[in-house]
Amino acid sequence: MRMIFSFVGLLVVLAVVAILAKKQLTSVTTLPVVPQATSTDTNSAAASSSNSPVNPREQSQQIQQQVQEQLKQAMDAAAQTRAGADEK
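Computed from a prediction, not measured in an experiment: that's the story for all the values here.

A. Region of interest: the overall build of the chain. Across its full length, the chain holds 3 helices and 0 strands. Going through the 88 residues of the chain one by one, you find that 1% of them count as buried. Carbon and sulfur atoms form 63% of the exposed surface of the chain, whose accessible area is close to 8400 Å².

Structure (structure tokens):
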């Protein structure tokens with residue numbers, strides 16, 4: 001009896017993991033497709049590419065740069081706050 005409950009429990013856990021894995025894989029594979037610029041839109045594409053990167057590598061680098069800038073600003077603000085508190 002104990003072995004049957006263990007086996008049923010294992011099957012339930014396996015089913016839950018399979019459902020979650022399937023949901024995760026389908027959400028990753030259905031990313032929106034960014035339309036590529038045509039040859040007539042090269043000037044506008046060059047202007048917009050500086051604002052919004054097209055490929056994931058550029059997006060990742062842009063996000064990393066933004067996080068580094070925000071962290072630097074926060075560290076500078078904290079340093080100024082501490083310097084002001086030390087003077088009092």
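B. Quick peek at the confidence of the model for the chain. For the chain, the average pLDDT comes to 80, and 69% of its residues sit at 70 or higher. Helix H1 (residues 2-29) holds the highest mean pLDDT among the elements of the chain, 91, whereas helix H2 (residues 42-49) holds the lowest, 49. Ignoring residues within four places in sequence, the model shows residues 41-47, a span with pLDDT below 50, making 1 contact including any to other chains.

Basis of the calculations
- Residues numbered from 1 in each chain as written.
- Predicted model: local features only at pLDDT ≥ 70, side-chain atom pairs only at ≥ 80, totals over all residues.
- Heavy atoms only, no water.
- Helix = DSSP H or I, 4+ residues; strand = E, 2+ residues; numbered from the N terminus.
- Buried < 20%, exposed > 50% of the residue type's maximum accessible area, 1.4 Å probe, protein only.
- Areas by Shrake-Rupley, 256 points an atom, 1.4 Å probe, with all protein chains shown as cover.
- pLDDT = per-residue confidence, 0-100.
- Contact = heavy atoms within 4.5 Å.

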